[in-house]
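# A structural walkthrough
Residue strings, one per chain:
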Amino acid sequence: MNALVIFGLLAVLMLTGMPISISLGLTVLTFLFTMTEVPLESVALKLFTGIEKFEIMAIPFFILAGNFLTHGGVAKRMINFASAMVGHWYGGLGLAGVLACALFAAVSGSSPATVVAIGSILLPAMVKAGFPNRFGAGVISTSGALGILIPPSIVMVMYSVATNTSVGALFMAGVIPGLALAGVLGGVTWYRARKFNYPRQPKASWATRLKALRESIWGLFLIVVVMGGIYSGIFTPTEAAAMSAVYAFIVAVFVYKDMGLKDVPKVLLNSANMAAMLLYIITNAVLFSFIMTNENIPQALGDWILQNGFGPIAFLLAVNIILLLAGNFMEPSSIVLIFAPILFPVAVKLGIDPVHFGILMVVNMEVGMCHPPVGLNLYVASGITKMGITELTVAVWPWLLSMLGFLAVVTYWPGLSLWLPRMLGMVA
């Protein structure tokens, strides 16, 4: 009964158009004051202890690194390198877009940032080369979603905060699914380009490829800094985030010089705004999680599922449906912070690995970012292409269907996510 009251109140507040963070906070406070005896002091204490986590510091650092890279010419050089490598295949510039998104995802941690950085440069070039606007928009909108699956990933940090799962293990678990999804999206791009005979670029010489690699090497080296540092144990994921922010600043301002020192305050301010917004959502989500635990809602849900004979297969199917539906109305950070504390204890009871469950949630978030009405990537792509959301929805459907198929594979083949962290001794 209490669960119905809580979720009913949250749904009503969200339907009024109120921001999700404020909806969460008001739901919790209303419920606490009217239906419980919980003292206000414990709420204030929970508010501070809930966000007093070392892992949360990674979020502003990864946002800052992504902003430096977006404005600092790294994306342009990654596109040149990707075009030199795969531009001569069918749909060359489209394939270069998928590869460039995968490379940029490995240094930025954000999906919208990937769409902006790659799309703003590549989409005009694709139209100029003779590709239909829809094709380019479909490629970039969906490939940009790799930003939250290929580590480092802000959404994975959110999941770690919500469930106390190892960030390092999640990052390593995202590598193979991220590369596999990039391959799937590239395959769809190549097939459609071949089917409709879209233009190809002249094959680049090895000298051109080496020149493109040399120019982009500073950006690509950040992948080695972050992933190599975490894997080798030199630093934690949070320290890796701080290192990546400093490295991205040096590369953007002093190496590539596409950004002057006078531009740095603006980037710092934008990053602070974005980080504050996410931290405010986390704060209210921590309170929401507290009230859920206090009312024993996750435990009751777990007991009900076990009593009714639901196994892992049926539960994971239900989780996918819930998360895909939530993706229609909420952005990824909010979904993870609201649903992870509720679904995670049930998953653990059913013997589902926490790291595998995290990757499953992230892939669901990716799909949600590419379909209306709240698909963030669609809105970002709409701003770049000046296409309407309805037209963009039609444009992305071939790639979106392949992502749904990939989601089914990730859901029921845990080995895809867990093989690498097991090899590295990060999970049992």
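Given the structure is predicted, the values throughout are model-derived calculations rather than measurements.

So, on to the overall build of the protein chain. Counting secondary structure elements, the protein chain contains 20 helices and zero strands. Here the C-alpha radius of gyration of the protein chain, 22 Å, is about what a compact globule of 428 residues would show, namely 22 Å. Based on the C-alpha atoms only, the size of the protein chain along its principal axes is roughly 70 × 45 × 45 Å. Going through the 428 residues of the protein chain one by one, you find that 55% of them count as buried. Of the contacts made within the protein chain by residues no fewer than 6 positions apart, 79% connect residues no fewer than 24 positions apart. As displayed, the protein chain offers around 17,800 Å² of accessible surface, 70% of which is attributable to carbon and sulfur atoms. Positive and negative side-chain charges of the protein chain, numbering 20 and 14 respectively, have mean locations separated by a distance of 23 Å.

Let us now look at the environment of Q201. Turning to its location among the elements, Q201 is positioned in the loop between helix 10 (167–195) and helix 11 (206–232). Linking Q201 and M369, residues 168 residues apart in sequence, is a C-alpha distance of 30 Å.

To continue, consider the packing of helix 17 (residues 354–368) against helix 20 (residues 414–423). As a packed pair, helix 17 and helix 20 sit with axes 9 Å apart at the nearest point and diverge in direction by 120 degrees. Comparing the axis directions of helix 17 and helix 20 gives the class oblique. Crossing handedness for the pair helix 17 and helix 20: right-handed. Along its contact with helix 17, which presents V355, H356 and I359, the element helix 20 presents P414, S417 and L418.

This part covers the state of the cysteines. The final tally for this structure, using the stated rule, is zero disulfides. For the unlinked cysteine C101, the closest cysteine sulfur is that of C370, found at 10 Å. Residue C101 is classed as buried on the basis of its relative accessible area of 0%.

In the predicted model, the protein chain carries a mean pLDDT of 86, and the fraction of residues at 70 or more is 100%. Mean pLDDT values over the elements of the protein chain span from 76, in helix 3 (residues 40–50), up to 93, in helix 10.

Here is what the cut-offs are and how they apply
Residues numbered from 1 in each chain as written. Predicted model: local features only at pLDDT ≥ 70, side-chain atom pairs only at ≥ 80, totals over all residues. Heavy atoms only, no water. Helix = DSSP H or I, 4+ residues; strand = E, 2+ residues; numbered from the N terminus. Rg over C-alpha atoms; globule rule 2.2 N^0.38 Å. Buried < 20%, exposed > 50% of the residue type's maximum accessible area, 1.4 Å probe, protein only. Contact = heavy atoms within 4.5 Å. Areas by Shrake-Rupley, 256 points an atom, 1.4 Å probe, with all protein chains shown as cover. Lys, Arg positive; Asp, Glu negative; His and termini not counted. Charge placed at Lys NZ, Arg CZ, Asp CG, Glu CD. Axes fitted to C-alpha atoms, helices over the stretch in contact; angles between N-to-C directions. Parallel < 35°, antiparallel > 145°, perpendicular 65-115°, else oblique. Left-handed = near helix turned anticlockwise from the far one by under 90°. Disulfide = S-S within 2.5 Å. pLDDT = per-residue confidence, 0-100.

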